[in-house]
Amino acid sequence: MEAAVGMQKSRGKTLVIVLRHTPLILFALIFLIFGVLSPRFLSYQSFENIVKQASYIGIVAVGMTFVLLTASIDLSVGSNMYLSAVVAGLLIKHYGLPVPLAPVVCLAVGLLFGLVNALAVTKLRIIPFVATLGTLWIGRGLGLWLTKSVPVEFPEGVTQIGAQRLFGIVPLPVVVFLLIVCCAAVLLRGTAFGRQLYAVGNDIEAAKKAGINTAQVRGMAFVICGVLAGLGGFISVAQLGIINAGFGEGREFDAIAAAVLGGTSLFGGIGSVFPGTLLGAVLIQMVTIGLVSAQVDLYLQPLVQAGIIFLAVLLDSIRTRQLVRLSRRHIRIEEA
Amino acid sequence: MPELLLQFEGISKSFFGVHALQDIAFVLPKGHLLGLIGENGAGKSTLMNILGGVLQPDRGGMRLRGQDYSPRNPAEATEAGVAFIHQELNLFTNLSIADNLFIDRLPRFGKSPFINKRAARTRTRQLLESLNLALAPDTLVDRLTPGERQLVEIAKALSTGAEIIIFDEPTTSLTAGETERLFAIIQDLRRQGKSMVYISHNLGNVLELVDEIVVLRDGRVVDQGPRDDFTIDTMISRMVGRDISQIFPSRQSVPADETLLEVRGLSQPGIVKDIDLTLHKTEVLGLFGLMGSGRTELARILFGLEPFERGQIVIDGVVCDGVSVRDSIRRGMAFVTENRREEGLLMEATIVDNVGLVALPTFASAPPARLLRARGLRLAVTRVAECMRIKSGPVHRTLAKNLSGGNQQKVVIGKWLMSRPTIFIMDEPTRGIDVGAKYEVYSIINDLAARGAGILLISSELEELVGMCDRIVVMSKGEVQGAFERDEFDRERILQAAFKGHQAHQRGGQ
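For clarity, every value in this text was computed on a predicted model and none was experimentally measured. (Residues numbered from 1 in each chain as written. Chains lettered and ligands numbered in written order. Predicted model: local features only at pLDDT ≥ 70, side-chain atom pairs only at ≥ 80, totals over all residues.)

Visitor: Honestly, helix α8 (residues 172-190) of chain A in this entry has me stumped. Any pointers?
Guide: At 3.6 residues per turn, the α-helix brings residues three or four places apart onto the same side. Taking 1.5 Å of rise per residue, the 19 residues of α8 of chain A would be expected to cover 27 Å, and the 26 Å separating its terminal C-alpha atoms lies within 8% of that figure. Against α3 (44-69), α7 (156-163), β3 (170-171), α9 (192-202), α11 (214-240) and α13 (273-293) of chain A lie the buried residues of α8 of chain A. (Helix = DSSP H or I, 4+ residues; strand = E, 2+ residues; numbered from the N terminus. Expected span 1.5 Å × (residues − 1). Contact = placed C-beta atoms within 7 Å.)

Visitor: What is the right way to look at the interface of chain A and chain B in this model?
Guide: By convention, interface size is frequently given as the accessible area that disappears when the constituent parts associate. The interface of chain A with chain B comprises 20 residues on the first partner and 24 residues on the second. When residues of the side of chain A that touches chain B are traced back to their parent elements, those giving at least two are α9 and α10 (204-209) of chain A. Of all the elements, α9 of chain A adds the most residues to the side of chain A that touches chain B, at 6 residues.

Visitor: How should the sheet that holds strand β12 (residues 272-280) of chain B be read in this particular structure?
Guide: Within a sheet, each strand pairs with its neighbour through backbone hydrogen bonds, oriented either parallel or antiparallel. Residues and elements named next belong to chain B. Across the sheet, 4 strands lie side by side as β12-β11-β14-β15; this open sheet has antiparallel pairing. Each edge of the sheet is formed by a strand with only one pairing partner; in this case those strands are β12 and β15 (318-320). Here the strands of the sheet are splayed against their neighbours by 15° on average, with no regard to which way each runs. Where strand β11 (residues 259-268) lies against β12, 6 bridges are found, and the strand directions are antiparallel. The partner of Leu266 across the bridge, within β12, is Ile275. Most of the contacts of helix α9 (residues 295-303) go to β12, to which it runs at about 70°, and overall it touches β11, β12 and β14 (310-315). (Pairing = 2+ DSSP bridges. Axes fitted to C-alpha atoms, helices over the stretch in contact; angles between N-to-C directions.)

Visitor: What is the right way to read the sheet that holds strand β16 (residues 333-336) of chain B from this model?
Guide: All names here are of chain B. Reading across the sheet, the 6 strands line up as β16-β17-β18-β13-β19-β20 and stay open at both edges, with mixed pairing between neighbours. In this open sheet, the two strands that pair with only one neighbour each are β16 and β20 (479-485). Within the sheet, the average angular offset between the axes of one strand and its neighbour, ignoring direction, is 20°. For strand β13 (residues 284-288) and strand β18 (residues 454-459), the ladder comprises 5 bridges, and the chain directions are parallel. Among the inter-strand pairings, Val284 is bridged to a residue of β18, identified as Ile455. Running at roughly 150° to β18, helix α15 (residues 435-450) makes contact with β13, β17 (423-427) and β18 of the sheet.

Visitor: So what exactly am I meant to see when it comes to the pairing of strand β7 (residues 164-168) of chain B here?
Guide: Sheet faces and side chains relate simply in a regular strand, where the side chains alternate between the two faces. Residues and elements named next belong to chain B. By the criterion of burial, β7 is predominantly enclosed, with 5 of the 5 residues buried. Residues Ile164, Ile166 and Asp168 line one face of β7 and the alternating positions Ile165 and Phe167 line the opposite face, and both faces are buried. Here 4 bridges tie strand β6 (residues 82-85) to β7, and the two strands are oriented parallel to one another. Pairing of Ala83 across the sheet is with Ile165, part of β7. (Buried ≥ 20, exposed ≤ 12 C-beta atoms within 10 Å, placed from the backbone.)

Visitor: What is the right way to look at the domain arrangement of chain B in this model?
Guide: For chain B, the assigned domains are domain 1 (4-240), domain 2 (253-332 + 422-430 + 452-510) and domain 3 (341-420). With centres defined by C-alpha atoms, the gap from domain 2 of chain B to domain 3 of chain B works out at 28 Å. (Domains from an automatic or database assignment.)

Visitor: Is there a simple way to explain the packing of helix α4 (residues 77-95) of chain A against α11 of chain A in this structure?
Guide: Helix-helix packing is described using two parameters, namely the angle between the two axes and the distance between the axes. All names here are of chain A. Relative orientation of the contacting elements α4 and α11 amounts to 60°, with a least axis distance of 8 Å. Here α11 runs oblique to α4, going by the angle between their axes. Considering the relative orientation of α4 and α11, their crossing is right-handed. Residue-level inspection shows Val77, Asn80, Met81, Tyr82, Ser84, Ala85 and Ala88 of α4 in contact with α11, the latter providing Cys225, Gly226, Ala229, Gly230, Gly232, Gly233, Phe234, Ser236 and Val237. Here the contact of α4 with α11 is composed, by residue class, of 9 nonpolar, 7 polar and no charged. (Parallel < 35°, antiparallel > 145°, perpendicular 65-115°, else oblique. Left-handed = near helix turned anticlockwise from the far one by under 90°. Nonpolar A, V, L, I, M, F, W, Y, C, P; charged D, E, K, R; others polar.)

In structure tokens:
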């Protein structure tokens, strides 16, 4: 009987380990499927493309992870990307802003955007969903008013930044993305602010009673999210060279999807940037590029993509339920 | 004469014009353990929230070590050396013990923002060791038992260098063994010179533990003095302001032969095994067991909240193989949950919304519109509130969270009364409520039985079951270990049955 109990326990344990690492396993699985379907997918070029194109959404998703961890949401990141890039583009075009200062402008606009969200949520006490839905339209509206919805072209200097490579190998967007992931991971794990972020997401009332300045922590999450959305806007524009009126539209959902695919809970308190959001962002891009390499019908691609995201989130919810069930204490140990 | 540590000086506080506290004045000497008792709504929590900086008094003040003490928030109270261990623990389940202990002041490397995790771990380990708690500092709080969590809260209080520790009902979710361990630690802390305020409805514990007792009633101090001046009877009579000749109201009915609920061979792997149970009309059937014996899980299976693999549940002669909550309600079953704050009540909703919840469909107008007849609902709820003696403001404006524990429990029971069920499953219906409210809940149970309902009463207080039930079924390790008729109630034998299967594993553990 002892042996049977031991086996049952270890089987339960393996299952728990498997379930805890679903994002990683899913990632490997999808990678394998596309690899089998299309040899082209396995080339270095396609890897580079995946990570490079995942970088701007990844950066935005890292910011989103901060907000999600506090059990809030930021719907305005797409508009933030747009407005940041528009302001930088117009300043370059009409006021002769030196190109190297463009990223600084993007970060500054992103910061301002984040501050507005933070104030709306913590001072005006508007719930995040509504507050950021509001700033979504304000940001988009401002951008359209500034550009009269005419596309803004960027000088070659900007796309040159996007095309640069570190040591001549790693594309700059990827470098920035990985750097952000590292900083964010350290911030979340190694600083008091990071730990308090998790605490606020777990139980905001308890956090208040524990003497945590919850408004500051939540506000800070929105500010970080805003800054990273501005940076994401720049990284994206540095690859495209032009922005039209639809730039950044709907990107908030890609960012949320990347974070959630990486195991971040929409209810707060659970999730990570590394490996979580990093994997999630790359996974989404991997599917996009995988579908192209596997020559799936162009019009079917969005459907397949949606199906895969849906499946991943479904697996996640099953996983959460299973984990709750498995971690529950058993009252009696059944004899085999 | 020991040094005066804390003085309350004429504290008053009202909420919406209702006096919660009036002219509270007493002192807490250094190194003393003070028992604060009173019915729910007497003002204990309000007073302690003022001491802990959660609320501010309207009038009056406090002096700490002779200095004026008026904390504007919990952080200032902590700073001044006052720690408040709430009834609902304030731990973050997604974080480690070390993170929880130091969340508001994690040790850092010099002035850098980076946490010195090694220092946090070492200090946590020391604190845990001082409480004889063999846990790794990195353990997630999620994995701890309620008893361990309680001790982690104490470790947290100690880590702030608290000199005054407030315990609000610390034993409600602890097993007997964990409670004893907690008491030993409290005694230990007193020897170290800590002052403590201990709030509990378990008067036996209060009498065993404290040096002095302060009795609150309707927001006033009605009695105070050294412990030896009190007995449980005098404590009760001071708390309620009248003599309660009996703790349990007398039963007015005897069980009928008619069977309401029958359970045959009910099993769910890992949870319960071969449960047989019969509940008759007008019967109060007790279900006793230690924490983790499977009583709550059985109740959840019966009500359809959890699945079962084998066996049958027969309600009114109709066999149900699998049950859903909606089926259970339709068949006349009601479930008063153990955890009313989380499961039984919508805290942010009014009494009408809460009480009306289950019976809403019966208050809909004719199809196809099916609009809610609000006035009819309000009248019906008011009737229930009156007959349950719920003390509150207008039922359609008072929020559940503003009610005292006893009144909240009445709302939970009232919710089910609206749909006129015949089978009640009540899981710990009197947990955390005061003697007066308990008596009223017992009377309600008796009334229900007299009107033909069958009640399955789950409790970890054996006295309560012996006082209330016609029959007691005892569970241990997910199995029924014995059943006792009223005339053969014998506390020792019942406890033996409840401990069955435990001795082999944890000999001498408690």
